[in-house]
Structure formats: structure tokens, C-alpha cells
Amino acid sequence: MAILKVARMGHPVLRARARAIDPGAISSSRVQQLIDDMFETMHEYQGVGLAAPQVHESVRVFVAGFAPEEDEGDEPSRAQGVPKMALINPEITPLSQETVEDWEGCLSIPDIRGRVPRARQILVRAYDRRGRPIEMKATGFTARVIQHETDHLDGVLFFDRMRSFETLTFLDEFGRYWTGTDVGAVKAE
Ligand SMILES: [Zn+2]
């Protein structure tokens, strides 16, 4: 396995629409290696999700996962964690009009946080890393992470989804002025 270089905002790969992966190629060593390397890269940088364009591969796959935190304070989204997943060619359908706003970060936009509205509940259709079609419902923080990562596959960054930039903050200032104000997705994706 290998730790891959993460593309930062400004690199054109982050603004391109990534190519679908042929389901028959999911079991190939190339795709399996990419998924393994993406998990290792995500863990190295303590992210909660990572999309292939963030490691300069313009294909439609992302990984995510985050163990529940025991000392979660009063923040339920962090207590729940995010199940480990590698999703290929994901398609999202919002299950209601309801949106929730919470903090997001991004490994491609280091040390910045901002509040982003996302659908509260979604249905995701995708292939898993064994090439099996799957369908899952997700809510809360997990739904947020899946939406953030799927956006990466369409060249969309979380800034694009913000209603205003008033909550954009550097990480130091986030810790000084914003913690305790509904702090949720403080890890980068
Ligand atoms: Zn991101």
C-alpha cells in the first residue's frame, strides 16, 4: 500500500467530472490497489472520506469511514461515526427536501472549515469493491460525507455549496471562536 499525494484546491483534477468505472473492472488489481491506497491515504491524513480525484485519479470512486468517538461531548454526529465504505459510481437521491447545515472540511482545502447545507437523508446506489450493486439509506453525518465525496466526482467543492462565506474559518480560529457552536464534521473529507 502507499500514501498518495493529495491534490489541493486549484489543481484542475478537482474541477473535472470523473469517469465512471466499468463494473467489470472493479475487481482488477488496479482498482483494488487504488482503493487500498486511498484508505491508507485517508487514515494518514486523518480524513473521514477521500475521493479519487483528490489523489489525481479522475474516476468515480470514494472511500469513507470513521470510528465512533467515545468522548464525543454532546455532538451526536461524531458519536455515530461513519461506516467504512468504498463506493464506485455512486448515485444519490435525496429522500426529502429537508437540509441541515453543519461544518465541513476537505483534505484538498487544508485548515479551512465552513458550514454547508446538505440533504438530511439520502438514498445511494453504487457498486461495492467486490463489484456488487448496493443500495443504502444514509442520514446525518454519514449522509453528509457521502454527499461531499460524491460532489468531488463531479468537480464540486464544499465552498460551492455554502449559502454564504461568513462561516469560512481557518482551523486555529475555528478552535478559538467556533467550537461549541454545533461542531460536527470537524474532520476533513
Ligand atoms: Zn473534500
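Here, the structure is the one placed above.
How each quantity is defined
Here, residues in each chain are numbered from 1, in the same order as that chain's written sequence. In keeping with the predicted nature of the model, local features appear solely for residues at pLDDT of at least 70, side-chain atom pairs appear and are counted solely at 80 or more, and the whole-chain, interface and lining totals rest on all residues. Excluded from the side-chain calculation are hydrogens and water; included are all heavy atoms of the structure. The cut-offs for exposure are 20% and 50% of the maximum accessible area for each residue type, with area from a 1.4 Å probe on protein chains only; residues under the lower value are buried, those over the upper are exposed, and the others partly exposed. The helix count covers DSSP runs of H or I at least four residues long, the strand count covers runs of E at least two residues long, and both are numbered beginning at the N terminus. DSSP calls a pair of strands paired once it identifies at least 2 bridges connecting them. Counting of polar contacts relies on pairs of N or O atoms within 3.5 Å, with two restrictions inside protein: one atom must be capable of donating a hydrogen and the other of accepting it, and residues adjacent in sequence are counted only when both atoms are side-chain atoms. The contact criterion used throughout is that any non-hydrogen atoms of two residues lie within 4.5 Å. Aromatic contacts are taken between Phe, Tyr and Trp rings whose centres are within 6.5 Å, Trp giving its six-membered ring; a plane angle under 30 degrees counts as stacked, one over 60 as edge-to-face, and the others as tilted. Should the NZ of a Lys or the CZ of an Arg lie within 6 Å of a ring centre and within 35 degrees of the ring normal, that charge is described as sitting over the ring. We define a salt bridge as a side-chain nitrogen of Lys or Arg found within 4 Å of a carboxyl oxygen belonging to Asp or Glu.

Trainee: Before we go on, may I ask you to explain the pairing of strand β2 (residues 61-66) in this structure?
Mentor: Regular strands place side chains that alternate from one sheet face to the opposite one. The buried count for β2 comes to 6 of 6 residues, which makes it a mostly enclosed element. Neither face of β2 is exposed, since Val 61, Val 63 and Gly 65 on one face and Phe 62, Ala 64 and Phe 66 on the opposite face are all buried. The pairing of strand β1 (residues 49-51) with β2 spans 3 bridges and is antiparallel. From the neighbouring strand, Gly 49 faces β2, where its bridge partner is Ala 64. Pairing of β2 with strand β3 (residues 82-94) involves 5 bridges; the strand directions are antiparallel. Within the sheet, the bridge partner assigned to Phe 66 lies in β3 and is Val 82.

Trainee: Teacher, can you tell me more about the pairing of strand β4 (residues 99-106) here?
Mentor: As defined by bridge partners, β4 adjoins strand β5 (residues 109-119) across 7 bridges and the pair is classed as antiparallel. Bridge assignment links Asp 102 to a residue of β5, and that residue is Val 116. Counted between consecutive antiparallel strands, the loop separating β4 from β5 contains 2 residues.

Trainee: Please explain the side chain of Ser 108 as it appears in this structure.
Mentor: Secondary-structure assignment places Ser 108 in the loop between β4 and β5. Assessed through its relative accessible area of 1%, Ser 108 is described here as buried. Within the local environment of Ser 108, its side chain forms a polar contact with the backbone oxygen of Ala 7, the two atoms lying 2.7 Å apart. When neighbours within four sequence positions are excluded, Ser 108 is seen to be in contact with Val 6, Ala 7, Arg 8, Met 9, Leu 14 and Gln 54.

Trainee: Whenever I open this one, the packing of aromatic side chains confuses me. Can you help?
Mentor: Aromatic ring pairs are defined here through the distance separating the ring centres and the angle between the ring planes. Summed over all chains, the structure comprises 5 aromatic pairs. One aromatic cluster in this structure is built from Trp 103, Phe 174 and Trp 178. The positively charged end of Lys 84 is found above the aromatic ring belonging to Phe 39, 4.7 Å away from the centroid.

Trainee: I would appreciate a short explanation of unusual backbone geometry in the present structure.
Mentor: Excluding glycine, most residues fall at negative phi; most peptide bonds, likewise, are trans. In this structure, Gln 46 takes a positive phi of about 55 degrees despite not being glycine. Mapped onto the secondary structure, Gln 46 falls in the loop between α1 (29-44) and β1. If you check the backbone angles, Asp 111 has positive phi at about 65 degrees while not being a glycine. Mapped onto the elements, Asp 111 comes out in strand β5.

Trainee: I tried to follow the pattern of salt bridges on my own but got confused; where do I start?
Mentor: Two side chains that carry opposite charge are able to pair once their charged atoms sit near each other. For the structure on display, the rule yields 14 salt bridges. Where Asp 36 meets Arg 129, a salt bridge forms, and the shortest distance between an N and an O atom there is 2.9 Å. Here Asp 36 is found in helix α1, whereas its partner Arg 129 is found in the loop between β6 (121-127) and β7 (133-139), with 93 residues between them in sequence. Glu 101 is paired through a salt bridge with Arg 115; the nearest N and O atoms lie 3.5 Å apart. Of this pair, Glu 101 sits in strand β4 while Arg 115 is found in strand β5, placing the two residues 14 residues apart along the sequence.

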